[in-house]
Amino acid sequence: MRIRFWLLDASYEMVGGVPEVRLWGIDGEGRRIVLLDRSFRPYIYVLPEEGAEERVLRRIASLSGRYGIIGTDIVSRKYFGKPVNAIKVTLISPRVVPDLREAVAKLEGVREVLEADIRFYMRYMIDKGVRPCGWHEVEVEEVANDWGWRVDKVYFARDAPRYLGHEDPPELRVYAFDIECYNPLGEPNPERDPVIVIAVKRLGETKVFTAEGKEDRSALAAFVKDLIEADPDVIVGYNSNHFDWPYLLERGKVHGVKLDVSRGGGEPAPSVYGHYSVVGRANVDLYDFAEEIHEVKVKTLENVADYLGVKKKSERVLIEGHRIHEYWDDLGKRPLLVRYAVDDVESTYGLAEKFLPFAIQLSNIVGLPLDQVGAASVGNRVEWHLMRAAYEYGELIPNKVERPYEPYKGAIVLKPLPGIHRNVAVLDFSSMYPNLMIKYNVSPDTYVPPEEVADPASVNVAPEVGHAFRREPPGFYRVVLERLLEARREVREKMRGLDPSSPEYRVLDERQKALKVVANATYGYCGWVGARWYKREVAEATTAWGRETIMRTIELARKLGLRIVYGDTDSIFVVYDPPRVDKLVETINRELNLDIKVDKVYVKVFFTEAKKRYCGLLEDGRVDVVGLEAVRGDWAEIAKDVQEKVIELILRKDDVAEAVNFVRRVIDDLRAYRVPLEKLIIWKSLGKSLEEYEVEAAHVAAAKRLMESGYKVLKGGKVGFVVVKGSGKLAERAVPYVLLKDVKELDVDYYIRKQVVPAALRILGYFGVREAQLLESPQRTLLDFFGG
DNA sequence: ACTAGGCGGGG
DNA sequence: GTGTACGCCTAGT
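What counts, and at which threshold
- Residues numbered from 1 in each chain as written.
- Chains lettered and ligands numbered in written order.
- Predicted model: local features only at pLDDT ≥ 70, side-chain atom pairs only at ≥ 80, totals over all residues.
- Heavy atoms only, no water.
- Pairing = 2+ DSSP bridges.
- Helix = DSSP H or I, 4+ residues; strand = E, 2+ residues; numbered from the N terminus.
- Axes fitted to C-alpha atoms, helices over the stretch in contact; angles between N-to-C directions.
- Contact = heavy atoms within 4.5 Å.
- Phe/Tyr/Trp six-rings, centres within 6.5 Å; stacked < 30°, edge-to-face > 60°.
- Buried < 20%, exposed > 50% of the residue type's maximum accessible area, 1.4 Å probe, protein only.
- Lys NZ or Arg CZ within 6 Å of the ring centre and 35° of its normal.
- Parallel < 35°, antiparallel > 145°, perpendicular 65-115°, else oblique.
- Nonpolar A, V, L, I, M, F, W, Y, C, P; charged D, E, K, R; others polar.
- Near = heavy atom within 4 Å.
- Polar contact = N/O pair within 3.5 Å; in protein donor to acceptor, adjacent residues only side chain to side chain.

## Observations concerning the sheet that holds strand β14 (residues 234-237)
Read across the open sheet, the five strands follow the order β13-β12-β11-β14-β17; overall the sheet is mixed. The sheet is open, and its two borders are formed by β13 (205-210) and β17 (282-285), each paired with just one other strand. Strand-to-strand twist in this sheet, taken as the mean axis angle between neighbours without regard to direction, amounts to 20 degrees. Both β14 and β17 contribute to a ladder of four bridges, which runs parallel. Within β17, the residue paired with Val 236 across the bridge is Val 284. Packed onto the sheet, helix α5 (residues 217-230) meets β11 (174-181), β12 (195-202), β13 and β14 and runs at close to 10 degrees relative to β12. Strands in contact with helix α6 (residues 244-255) are β11, β12, β14 and β17; relative to β11, the strand with the most contacts, it is inclined by about 65 degrees.

## Focus: the packing of aromatic side chains
Tallied over the full model, the rule gives 33 aromatic pairs. With a centroid separation of 5.0 Å and an interplanar angle of 45 degrees, the aromatic rings of Phe 476 and Trp 533 are classed as tilted. Placement of the pair is Phe 476 in helix α14 (residues 476-496) and Trp 533 in the loop between α15 (503-526) and α16 (536-559), with a sequence separation of 57 residues. The burial state of Phe 476 is the same as that of Trp 533; both residues are buried. Here Tyr 525 and Trp 528 contribute two aromatic rings whose centre-to-centre distance is 6.0 Å and whose plane-to-plane angle is 65 degrees, an arrangement assigned as edge-to-face. Given a relative accessible area of 2%, Tyr 525 falls into the buried group. Clustering of aromatic rings is evident, with ring pairs tying together Tyr 566, Phe 573, Tyr 602, Phe 607 and Tyr 614. Over the aromatic face of Tyr 349 sits the side chain of Lys 201, whose NZ or CZ is 4.9 Å from the ring centroid.

## Points about the packing of helix α13 (residues 432-439) against α16
The packing of two helices is summarised by the inter-axis angle and the distance between the axes. Where α13 meets α16, the closest approach of the two axes is 10 Å, and the angle between their N-to-C directions is 105 degrees. In this view, α13 runs roughly perpendicular relative to α16, as classed from their interaxial angle. Taken together, the residues of α16 that come into contact with α13 (itself represented by Met 432, Tyr 433, Leu 436 and Met 437) are Val 538, Thr 542, Thr 543, Trp 545, Gly 546, Thr 549 and Ile 550. Looking at side-chain class alone, the contact of α13 with α16 contains seven nonpolar, four polar and no charged residues.

## Remarks on unusual backbone geometry
Pro 473 follows Glu 472 through a cis peptide bond whose omega is -10 degrees. One can find Pro 473 in the loop between β21 (468-470) and α14. We note that Glu 115 has phi near 60 degrees; this positive angle belongs to a residue other than glycine. Along the chain, Glu 115 turns up in the loop between β7 (110-114) and α4 (120-128). In this structure, Asp 231 is a non-glycine residue whose phi angle is positive, near 45 degrees. The residue Asp 231 is located in the loop between α5 and β14 in this model.

## Considerations on the protein's contact with DNA strand C
Among the 26 residues in the neighbourhood of DNA strand C, the closest are listed as Ser 377, Gly 410, Gly 524, Lys 611 and Lys 729. Within 4 Å of the protein, the contacting atoms of DNA strand C are 86% sugar and phosphate, with bases supplying the remainder. Between Arg 632 and DNA strand C, the recorded distance is 3.3 Å, taken from a side-chain N or O atom to a base nitrogen. With respect to DNA strand C, the backbone of Ala 731 contributes an N or O atom lying 3.0 Å from a phosphate oxygen. At the level of elements, α12 (378-393), α15, α21 (730-733) and α22 (748-764) are the ones that each hand at least two residues to the surface near DNA strand C. A per-class count over the surface near DNA strand C returns 13 nonpolar, five polar and eight charged.

## Observations concerning the sheet that holds strand β24 (residues 596-607)
Reading across the sheet, the six strands line up as β22-β23-β18-β24-β25-β26 and stay open at both edges, with antiparallel pairing between neighbours. Whereas interior strands pair on both sides, the edge strands pair on one side only; in this sheet they are β22 (564-568) and β26 (623-626). Each adjacent strand pair in this sheet contributes to an overall mean axis angle of 30 degrees, direction not counted. One ladder, built from five bridges, connects β24 with strand β25 (residues 614-618); its direction is antiparallel. When the sheet's bridge partners are listed, Phe 606 is paired in β25 with Cys 615. Contacts from helix α17 (residues 578-591) reach β18 (419-429), β23 (571-575) and β24, with the element oriented near 25 degrees to β18.

Structure follows, in structure tokens:
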């Protein structure tokens, strides 16, 4: 019998002494299935020293019995592009691989042991061309569900699954959950504090399980029962890998309640990249995807849901985390806490609808299972994509090696022409670094050390740095990047014929975004010292060619009579003259064989003296703010608001006087404590743990005060503080806003002189406005006095 | 008056 | 644990 299935999750177990790969999925009729394959065996590669093949082979053979080796074959592969003979050592059990690796590495004549650190089910998927979040077909035999797995069908594979494609993903059953914990002592402790509310949501239904007083055993059990009954394909939470799951599991231990919610039996288990694995389902922590939204500074669930239009903050219950226990203890307020949990779980479910389509495409492209792809770092995503490509390309996968950090030169940023410019076009190279790597065949396997360059005509030599790369054959990075960019072109081509509101269009759009993300991240990856395919020369040559490209573009633009006002990395800003710009685009296309296009046109754009800081009014009326305080997360909201308003008045109305008066009014409000506390909080993140700091910065001092008050402050966390009156350093006056007792303690003068005034002057200074002017009294209108 | 540490956002 | 360039704050000398 032949079936089609869409792959959701992969796992393996040893059964009767052999490894059994389990592919959990959904078939063409919507049945949940598991496919068992016992035919695959783990292997590693041994790279012998020159001429040592036979010797090493014999030595490995002598280890056979001890390690369960069932095959040793000499195979031809490539290693950094060079043909090599490697010994492929096949064995029975994946569990023995680490030991075998160590034993073999010690043998005389062994240069390197490769691919001994690849998880067994990943190895299976790579070798069989099986892809998560994609359709496959396979010849099967149905078998009895002896273990009581939570699936409709259990099959034995009679041959290898054949990958069909990623189109038409099935309808997934999504289950969102969120817990609230009793926390009278600040941070809740799972050994002591009960889970008081568990809110869950699936399609069309929201439920709440609550503790009885401080007794949460039955709530826990009811949650487990509900989850099993819902039988979701995807379980989503917000920060669930780092809070909800570990907390629930601890509570389960306290009560002896097993959180046996997987499809194969068993609890969620800590796994790679810090995620929890629920066998047969995809456990996705949406926080991983929210992290990539840079527009939201403090990535709480309510902020992210608000930003994405999933649930407005104004239309939901908000409770400060440290007050949750008060709402539980006060029976009158308990319904509010329940509503809060429901708002949270509805937000989580809404985020799943926003993020999952992208996550699914990313998973399919890089080959990591859906539950891992979000948790994996960018570097790991790129690397898995490369590892898959390496297999197809006959290239051995290099080991991870520890290397010292080596800095190298990056891109060019032009000095802006300060002031206001009208009608400015921004010209952008599309995917500049990937295209340069393709164009010049930049790759670790095409790199030719200086002493080995025999024929200068056969290599591309990078400007400034002089690194040489063979023109032919195509390097590994070229092959991979060409494939990605080509796939993206095809997807975008298909999108053209579709209705943008159709589900098909949405899927394709998410796919093209994922393809772009992976292509663009590949350059950063190649310059990361932790990368398997790291090569400093590759990264260094790529940026050198980037600098050359932008400089030649500037030259060409000038020759065409275009006036350049700014440029950064892969873009130039020119006074828009359509015929000349068209000519430039065409010339670059022809002479550099690269694609540049008009990305946007500013009706007006304003530059200060500083690079990477400007603002502009777009043709459609929107205002872009780049790099300025208004868009930075480490300035008080009041300063950001003021700057944004000043920018609007300058760009839209050319009204300096009105802008000045606006700033004066805000200063006046500050002096009278008429500004809400939220607008005075300064958020900064902790780049390291508190002990590691060399200087006592304000946010570090504030974090220490938080710690003393019983809050947990971790590396990577954000600290919100306000500045209070007093003498001495800022650090001595930085108080966590949650600990502020009276707003009258606030140092409004600090906010005026160090926040509002500098932010306003960054713009207004260019128009001759000085600090003293801003500090004068505002002209108040009647409206201001009578509740305007 | 100066440098260094620290941070965040940009391309 | 993707890269470098950049500006600007405060601490510290």
